[in-house]
Each structure stands twice: as C-alpha cells, then as structure tokens.
Amino acid sequence: MSESEKAARLSVFKTYKLFVGGKFPRSESGRVYEVTDSKGRWLANAPQSSRKDARDAVVAARKAFAGWSGATAYNRGQILYRVAEMLEGRRDQFVREVGDAEGLSKSKAGAVVDAAIDRWVWYAGWTDKIAQIVGGANPVAGPYFNLSSPEPTGVVAILAPQESSFLGLVSVVAPVIATGNTAVVVTSEASPLPALSLGEVLATSDLPGGVVNLLSGRTAEIATPLAAHQDVNAIDLAGAEEVLAKELEIAAADNLKRVRRPQPVDWAADPGTERLTSFLETKTVWHPAGGSGSSGAAY
Amino acid sequence: MTTFDYAPAPESRAVVDIAPSYGLFIDGEFTEAADGKVFKTVSPSSEEVLSEVAQAGEADVDRAVKAARKAFTTWSAIPGAERAKYLFRIARIIQERSRELAVLETLDNGKPIRETRDADLPLVAAHFFYYAGWADKLDHAGYGANPKPLGVAGQVIPWNFPLLMLAWKIAPALATGNTVVLKPAETTPLSALFFADICRQAGLPKGVVNILPGYGDAGAALVGHPDVNKVAFTGSTAVGKAIARSIAGTHKKVTLELGGKGANIVFDDAPIDQAVEGIVNGIFFNQGQVCCAGSRLLLQESVADEVLDALKRRLSTLRIGDPLDKNTDVGAINSAEQLARITALADSGEAEGAERWSPACELPSSGYWFAPTLFTGVTQAHRIAREEIFGPVLSVLTFRTPAEAVEKANNSQYGLSAGIWTEKGSRILSVANQLRAGVVWANTFNKFDPTSPFGGYKESGFGREGGRHGLEAYLDV
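Residues numbered from 1 in each chain as written. Chains lettered and ligands numbered in written order. Predicted model: local features only at pLDDT ≥ 70, side-chain atom pairs only at ≥ 80, totals over all residues.

### Here we look at the overall build of chain A
Then step 1. When its secondary structure is counted, chain A shows 10 helices and 10 strands.
Then step 2. The C-alpha atoms of chain A give a radius of gyration of 21 Å, which matches the 19 Å a tight globule of 299 residues would have.
Then step 3. Each of the three principal axes of chain A carries a C-alpha extent, and together these read 95 × 40 × 30 Å.
Then step 4. Expressed as a percentage of the 299 residues in chain A, the buried residues total 51%. (Helix = DSSP H or I, 4+ residues; strand = E, 2+ residues; numbered from the N terminus. Rg over C-alpha atoms; globule rule 2.2 N^0.38 Å. Buried ≥ 20, exposed ≤ 12 C-beta atoms within 10 Å, placed from the backbone.)

### Some words on helix α9 (residues 272-284) of chain B
Residues and elements named next belong to chain B.
Then step 1. If you check α9, its first and last C-alpha atoms are 18 Å apart, about what 13 residues at 1.5 Å a residue would give, namely 18 Å.
Then step 2. Ala275, Val276, Gly278, Ile279, Val280, Asn281, Gly282, Ile283 and Phe284 are the residues of α9 that are buried.
Then step 3. Looking at the buried residues of α9, the elements they touch are β11 (263-266), β12 (296-300), α10 (301-315), β15 (393-399) and β17 (417-421).
Then step 4. Looking one or two residues beyond α9, the residue adopting positive phi is Asn286, at roughly 55°. (Expected span 1.5 Å × (residues − 1). Contact = placed C-beta atoms within 7 Å.)

### Things to note about the environment of Val156(A)
Then step 1. Position of Val156(A) relative to the elements: it lies in strand β5 (residues 155-159).
Then step 2. Distance from Val156(A) to Phe279(A), taken between C-alpha atoms, is 7.8 Å for residues 123 residues apart in sequence.

### Some points on the pairing of strand β1 (residues 32-36) of chain A
Residues and elements named next belong to chain A.
Then step 1. Sheet topology places β1 next to strand β2 (residues 42-47); five bridges connect them, and they run antiparallel. Residue pairing in the sheet places Val32 in a bridge with Pro47 of β2.
Then step 2. Linking β1 back to β2 in an antiparallel pair, the connection comprises five residues, with Gly40 at a positive phi of about 90°. (Pairing = 2+ DSSP bridges.)

### Considerations on the interface of chain B and chain A
Then step 1. Counting residues at the interface gives 37 residues for chain B and 32 residues for chain A.
Then step 2. Elements with a minimum of two residues in the side of chain B that touches chain A: α4 (113-134), α8 (237-246), α9, α14 (425-434), β18 (439-442) and β20 (461-462) of chain B.
Then step 3. The residue makeup of the side of chain B that touches chain A, split by class, is 16 nonpolar, 14 polar and seven charged. (Nonpolar A, V, L, I, M, F, W, Y, C, P; charged D, E, K, R; others polar.)

### Overview of the pairing of strand β5 (residues 49-54) of chain B
All names here are of chain B.
Then step 1. Relative to β5, strand β1 (residues 21-22) is paired through two bridges, and the arrangement is parallel. Counted as the bridge partner of Ser21 is Glu52 from β5.
Then step 2. Counting the residues between successive antiparallel strands, the hairpin from strand β4 (residues 38-42) to β5 contains six residues, one of them, Glu47, with a positive phi of roughly 65°.

### Observations regarding the nonpolar core
The tendency in soluble globular proteins is for nonpolar side chains to be buried side by side.
Then step 1. With 250 residues, the main nonpolar core has Ile158(A), Val173(A), Val184(A), Ile235(A), Leu87(B) and Ile265(B) as its most contacted residues.
Then step 2. For this core, the element with the most residues is helix α5 (residues 162-175) of chain B, which contributes 11 residues.
Then step 3. Both of domain 1 (13-258 + 460-472) and domain 2 (263-442) of chain B provide at least three residues apiece to this core.
Then step 4. Dropping the residues within four chain positions of it, Ile265(B) is found in contact with Leu298(B), Ala405(B), Ala409(B), Ala418(B), Gly419(B), Ile420(B), Trp421(B) and Val431(B). (Core = buried A, V, L, I, M, F, W, Y, C linked by C-beta atoms within 7 Å. Domains from an automatic or database assignment.)

### Describing the domain arrangement of chain B
Residue and element names in this part refer to chain B.
Then step 1. When cut into domains, chain B gives domain 1 (13-258 + 460-472) and domain 2 (263-442).
Then step 2. Once you take the C-alpha centre of each, domain 1 and domain 2 turn out to be 30 Å apart.
Then step 3. With 19 residues of domain 1 at the contact, the number on the domain 2 side is 24 residues.
Then step 4. Mapped onto the side of domain 1 that touches domain 2, the elements with two or more residues apiece are α3 (98-109) and α4.
Then step 5. By residue number, the principal contributor to the side of domain 1 that touches domain 2 is α4, which donates three residues.
Then step 6. Looking at side-chain class alone, the side of domain 1 that touches domain 2 contains five nonpolar, eight polar and six charged residues.

### Things to note about the sheet that holds β5(A)
Residues and elements named next belong to chain A.
Then step 1. If you walk across this open sheet you meet the five strands as β7-β6-β5-β8-β9, and the pairing is parallel. Where the open sheet ends on each side, the last strands, each with one partner, are β7 (212-215) and β9 (258-260). Each neighbouring strand pair of the sheet contributes to a mean axis angle of 15°, computed without reference to strand direction.
Then step 2. Direction of pairing for strand β8 (residues 234-236) relative to β9: parallel, over a ladder of three bridges. Each bridged residue has a counterpart across the sheet, and for Asp236 the counterpart in β9 is Arg260. (Axes fitted to C-alpha atoms, helices over the stretch in contact; angles between N-to-C directions.)

### A short note on unusual backbone geometry
Note: most residues except glycine have negative phi, and most peptide bonds are trans.
Residues and elements named next belong to chain B.
Then step 1. A positive phi is found at Glu47, a non-glycine position, where the angle reads about 65°.
Then step 2. When you line up the elements, Glu47 lands in the loop between β4 and β5.
Then step 3. On the basis of neighbour counts, which here come to 12 C-beta atoms within 10 Å, the residue Glu47 falls in the exposed class.

### Overview of the sheet that holds strand β4 (residues 144-152) of chain A
Then step 1. Strand order in the open sheet formed by 10 strands is β3(A)-β4(A)-β10(A)-β18(B)-β17(B)-β11(B)-β12(B)-β15(B)-β14(B)-β13(B), and the pairing between neighbours is mixed. Looking at which strands have only one partner, the edges of the open sheet turn out to be β3 (136-137) of chain A together with β13 (355-357) of chain B.
Then step 2. As defined by bridge partners, β4(A) adjoins strand β10 (residues 280-288) of chain A across nine bridges and the pair is classed as antiparallel. Considered in β10(A), the bridge of Pro150(A) is made with Thr282(A).

### Re the environment of Val59(A)
Residue and element names in this part refer to chain A.
Then step 1. Examined against the element boundaries, Val59 turns out to sit in helix α1 (residues 51-70).
Then step 2. For Val59, a count of 16 C-beta atoms within 10 Å puts it in the partly exposed group.
Then step 3. Residues Val59 and Arg96, spaced 37 residues apart in sequence, show a C-alpha to C-alpha distance of 33 Å.

What follows is the structure, encoded as structure tokens:
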C-alpha cells in the first residue's frame with residue numbers, strides 16, 4: 001500500500017433532515033441555514049422549516065394521535081424505555097453533538113447526555129402510574145360510581161428550550177408523549193443538530209411515526225402558524241422569549257389552546273410531574289350504581 | 001286522554017325580605033359605587049323590579065382588589081383548621097337559610113323553585129362543606145408539601161346558577177387561602193349580595209370576600225387588574241377567549257368554564273323510558289340554560305321513532321309557568337336578551353330546514369318565556385347543531401353505528417359533557433373512552449357533586465372545578 005493511499009480518510013458528512021410522520025424529509029421550502037458550534041465554526045446546514053412544514057407536521061401528529069393515545073400505558077412505557085436503550089447505544093455521537101452545540105467539554109456533555117437518557121427512563125416509568133396519581137373514584141353523595149381519569153390533551157406544539165438543546169428538549173418532549181399526546185417540536189434555533197439526530201433514535205425505537213415531529217429553523221416563523229393552528233390543542237412556550245411568548249399566547253387563545261408559559265428551569269433538577277400534568281384533561285364518568293337510570297339521585 | 005289539573009301550589013315569598021336597594025360589598029361593608037351608578041334587577045317571570053343595585057365600575061374594582069390584597073396577608077396566614085371552620089360555618093348558615101335563598105334565587109333567576117330547592121341550594125351548601133374540609137389537609141392533596149395560595153382571585157360568574165357558581169368559585173379559593181373579588185351577573189346579583197350577609201353572620205374577616213355587582217366592563221376591569229393573581233370565569237366561549245387573550249404574557253393563572261353542545265346518545269338497547277327522562281332533564285333542566293346541557297340528541301336509527309314518540313308524549317306533560325309554583329317543571333328564560341338569542345337561533349333552525357315541534361302550552365303573558373322545543377331532521381351543518389343555544393331547544397340527529405355516534409358527538413368545537421344510554425356495560429365504557437368531553441353521564445344526566453371534577457375539553461375551557469382537582473386552580477403549583 002502506497003503512502004498516498006494511506007492519506008487521511010475524508011469523513012462522510014451527515015445531511016441533517018427534519019423528522020415528520022416517521023420520515024426524514026427536507027424542508028418543503030428547500031431552505032437550509034448554517035449551524036455553527038459555540039465558536040462559530042460550521043457544523044452543518046439544517047433545514048429551515050416553513051409554515052407548510054409546520055402544517056404537515058400537525059397533520060402527521062393528528063393522524064398519529066388515535067393510535068398513540070389508544071395504546072396501552074404499558075406499551076408506551078416500553079417504547080419510551082426503548083428510546084433510552086437506543087440513546088445509550090449512540091451515546092458517543094450525542095456527547096460529540098451536544099458538546100459542539102453547547103460548547104461543553106466532553107465530560108460535561110457526557111453528563112448532559114446521561115441525564116437525558118435517564119429522563120427517558122423516568123418518564124417511561126410514569127406512563128402507567130400517572131392515572132393512579134391524578135385520577136380516581138370520587139365519593140359522590142348519591143347512588144353513582146364516579147370516576148375521574150386523565151386523558152391526553154391531543155396535539156401539543158412544543159418550542160424546545162433554546163439553550164439546553166438536548167437535555168432541555170428531551171425534558172419537554174418525553175412528558176408530553178408519555179401520557180399519549182403527540183407532538184410537533186420546534187428545535188433550538190441555534191443548536192438544532194442534537195434534536196434532529198434524536199429523530200433517528202426515535203425512528204428506531206418502535207415509536208409510531210407522527211408521535212414526535214421535529215422541525216428546525218427560525219422559532220418565530222414556525223411557532224406562529226402552530227400557535228394559530230386550529231387543530232393544535234396545546235402549546236409549550238419553553239423556547240420562546242418574552243415578546244414572542246406573549247404574541248403566541250394571544251394567538252393560542254383563538255381555539256383556547258392550553259398554554260404553558262416559559263419559565264426559568266434547571267433542566268438537571270428532578271423534573272417532578274408538572275410537565276406530565278400540564279397536557280392532560282380530566283374526564284369524569286358517572287355510572288348509576290343501584291337504583292336505576294335517571295331516577296334515584298339523592299342529595 | 002283525561003288529565004287532572006294541578007291546583008296552584010306557590011311557595012311563599014314571605015320567607016325572603018328583599019331590600020329596595022343594595023350596595024357593593026367591599027372590605028366588609030356595603031357601599032355605593034364610586035360614580036353612584038345603579039341598575040335594576042327584575043324577576044324574569046313577571047318583569048317586576050325586585051331591587052336596585054349599585055353598579056361597580058373600574059374605581060370600585062380597584063378598591064375591592066386593594067381590600068382583598070390587604071386581607072390576603074392575614075387570611076393566608078391563619079391555620080388551615082381555622083379557615084376550615086369559617087367555611088363550615090358558611091355551609092351551615094346556607095343550610096339554615098336555604099329556603100330563603102331558594103325563593104330569592106327563583107325570583108331573581110326565573111328557574112323553578114323545585115330546582116333551586118332540590119338542586120341549587122343543597123349543592124351550594126355541600127360545596128362549602130366539602131372544601132371546608134380541605135383547608136387543613138392541603139399537604140395531602142397531591143401538590144407537594146405546604147402548597148401556597150395564589151393571592152387575590154378575580155372571579156366572574158354567570159346568571160344560570162348564580163349561587164352555585166359563586167360556591168364553585170369562592171369555596172375552593174378560600175379553602176386554599178386566597179381572597180376573592182367576585183362579580184355576579186348583571187341579571188342575577190341578589191343571591192351573591194345575600195351571601196355577603198352570610199359572610200357577615202359567619203364572622204368572616206373583612207376583605208376576604210368582596211362582591212361587585214356590575215356589567216361586563218366591571219368584569220373586564222377585574223380580570224385586567226394588575227394586582228389580581230388568579231382569574232376564574234364561567235360564561236360564554238367568546239368572552240373566555242377574550243380573557244385568555246387579555247391575560248397573555250402575565251403571570252395570572254386562569255380557569256375557564258365555557259360553553260358546550262353536549263351530545264346525549266341513545267343506543268337501541270337503552271331503557272327507553274329512563275332515557276326519555278334523562279333527555280328531558282338534559283335539555284329542559286333550568287330551561288336549558290346550562291353549559292353542560294344535552295342539547296344534541298343522537299338517536300340510533302332503529303329506535304329513533306319510538307324515542308321521539310315517547311319524548312313528545314313526555315314533553316306534553318311538562319308544566320310551564322310560575323317558577324315559584326312547586327309543580328312547575330319549566331320556568332322563565334333569564335332575560336329579554338337571552339330570550340332574543342334563543343328565538344333567533346331557533347328561527348335559524350327552521351330557516352335551515354329542520355322540523356320544529358313544541359307541545360301545546362300556554363305561556364304567561366308577562367315575563368320572558370320560551371316553550372320547550374325540539375328539532376328533527378337536523379344535520380351536523382345546521383347552526384342549531386353547532387352553536388350553543390343556551391335555552392330549551394333540543395336538536396335531534398340520528399346515527400347507525402356506535403362509531404358514527406362517537407364521530408358525530410365529537411364533531412364540535414366544544415367538549416364539556418355527553419350522555420350515553422345503553423344497557424350494555426362494555427358499550428358504555430368504550431364509548432365513554434372515545435368521547436372528548438370532560439363529563440360523561442352514563443344512563444343519567446346533569447348530575448353534580450362537590451367531589452366530582454367538572455370542566456371541559458377543547459373550547460369548553462380548561463381547568464377543573466370540584467373535587468381534589470379543583471384545588472389546583474387556586475394553588476401556586
């Protein structure tokens with residue numbers, strides 16, 4: 001083998017693509033934008049999603065909702081756990097991507113990725129417990145069996161945190177889908193690459209297509225049509241700055257979306273159940289017990 | 001068919017003493033409005049003026065919020081067990097005065113005494129009694145240790161269940177340590193003002209509860225006041241959306257209990273006679289002026305004729321008239337404005353091609369009245385199938401399969417209530433599972449209880465009132 005043949009091998013770049021409906025399309029607009037690391041060095045071109053991409057993602061999320069919300073909680077738990085398994089196997093890749101995106105040392109990036117993997121495990125365990133925590137029988141004063149159960153709100157638009165491009169992302173997406181919602185996620189504007197790579201993990205974790213849809217691009221451009229979309233049921237404004245958050249909240253009122261306002265969060269801290277319960281509805285069903293039919297109410 | 005006529009059986013008005021005028025209740029005192037404005041409240045069944053009430057404006061809202069803010073410091077700091085005892089006192093006084101309040105409510109609202117006496121008032125007392133018990137048990141409510149109140153709650157309530165909506169708002173707010181500024185509806189201010197007197201009798205510290213009768217402008221001023229921490233509103237979806245917009249970008253927590261277009265689904269194996277009673281209760285209870293009314297009747301085709309025949313027979317026996325008469329089933333519409341809205345929507349039903357039917361009944365010559373009405377041949381595109389009428393008007397649609405029933409039931413911007421009539425348990429569970437509605441009644445309808453969370457999906461609003469769930473709306477969690 002000659003010296004020239006031993007020359008440094010040219011690496012294969014990855015074309016980063018969106019994740020919509022379980023597929024990896026480019027933006028329909030054909031646009032990309034340059035993504036750099038924390039020192040301004042070029043990392044990749046990311047798709048710059050359009051209003052149309054946002055709408056397509058909502059269609060995919062709506063289509064996936066019946067199946068995902070109708071899956072057993074145990075099944076959803078196993079799939080979320082499978083995401084953790086897949087991530088663990090690709091840990092090195094995410095450590096590199098998170099390190100580049102957020103300017104972290106290898107060990108700090110490693111801690112972030114580990115925390116993100118553990119977060120999937122945490123929420124995987126919640127899928128079949130949350131109903132027991134927030135639902136239950138209500139002792140009404142009459143001959144009725146009365147049961148309150150949590151149900152997913154529907155299609156949730158999520159503006160992922162801008163700074164914490166991976167742990168933050170996982171921390172807002174996992175609780176939304178754990179309870180059976182489907183999600184359209186706008187990734188960190190400046191650091192979309194870990195999120196787009198997560199799509200590859202989700203695609204190989206038995207997660208049905210459309211349950212999570214990932215859109216990179218300009219947050220305001222993608223979020224505005226999502227906040228106004230009549231077939232979106234809720235919006236998490238985690239990644240919106242103050243002025244944008246207010247505009248989006250106003251737009252969201254048009255079909256009374258459930259709105260989670262942005263607030264400072266320590267993504268490394270114990271997440272609690274807040275984000276799980278933010279996107280749940282409570283359904284209460286009355287069944288006559290003894291007596292019959294509509295008669296027999298006793299107050 | 002021979003029928004026996006009922007002799008009139010009016011409940012006595014002597015039990016209630018309505019003053020010729022009332023003030024705003026701010027900081028424990030009745031006071032005039034800053035600009036001296038007043039408005040009249042009338043009895044909808046006779047148009048008799050019942051009293052003249054001070055009309056709150058922006059300055060009064062500010063004064064009331066300041067009073068509530070001041071009271072918050074001490075009220076939120078007293079031990080939960082003591083707060084509980086105030087609420088228990090209120091519950092007991094309401095029970096003692098329930099006949100008086102029932103008559104008052106019937107006079108001011110127009111609903112039958114049978115309903116105020118047997119439904120509204122018992123539920124009002126029960127609601128305070130239930131939340132009283134939570135005041136010293138909040139650590140165990142599932143919101144972490146020592147959950148904190150939000151502060152001053154601005155509450156705006158409708159006219160359809162004036163005192164019950166007050167109870168749903170005030171009881172959980174006080175139990176969790178908040179203070180309250182509440183605006184009752186302009187057509188039904190009296191029971192809230194009597195409640196102010198109950199607060200006085202209970203020795204409630206001044207400023208903890210403030211009552212501001214007034215119109216929409218006062219409600220908007222209250223919702224928009226910068227020192228209000230919590231907004232709770234029950235009313236129309238349009239106003240609910242306006243509120244959601246107005247609080248955007250603030251830290252105000254909000255719960256909205258809005259409109260509905262509830263589907264009441266009758267399957268071919270339903271107990272027909274019971275279903276008919278449930279249908280009647282679902283849409284003619286409180287003259288249909290109920291956000292969770294079963295205003296869309298979905299009948300399985302194979303039993304549609306049978307159910308409709310039985311329903312028409314039953315409607316012919318409903319007694320419409322003097323709300324104070326103990327035999328009255330259907331009372332007056334709450335206001336001329338509401339009557340006009342119902343009339344316009346019912347007319348659109350006819351204009352769009354649905355078939356209108358009402359039992360033969362004589363309506364009183366004064367007051368606001370609308371005969372129980374049903375429409376058949378209704379399609380999903382008709383306004384009467386899509387828009388909330390908030391009156392005694394039932395739109396009847398049919399379906400063939402359970403899947404079609406679910407599809408039609410869910411085909412609405414609203415998602416507050418639904419009913420299922422079938423003898424098959426597994427069908428109840430599977431249909432209930434698929435309905436996107438906050439409250440589902442199986443083989444019953446319009447049942448309420450303080451322990452049972454109430455609230456909607458979609459554009460019927462968000463947040464829950466009642467039960468453990470109702471605490472969350474008033475806690476900083």
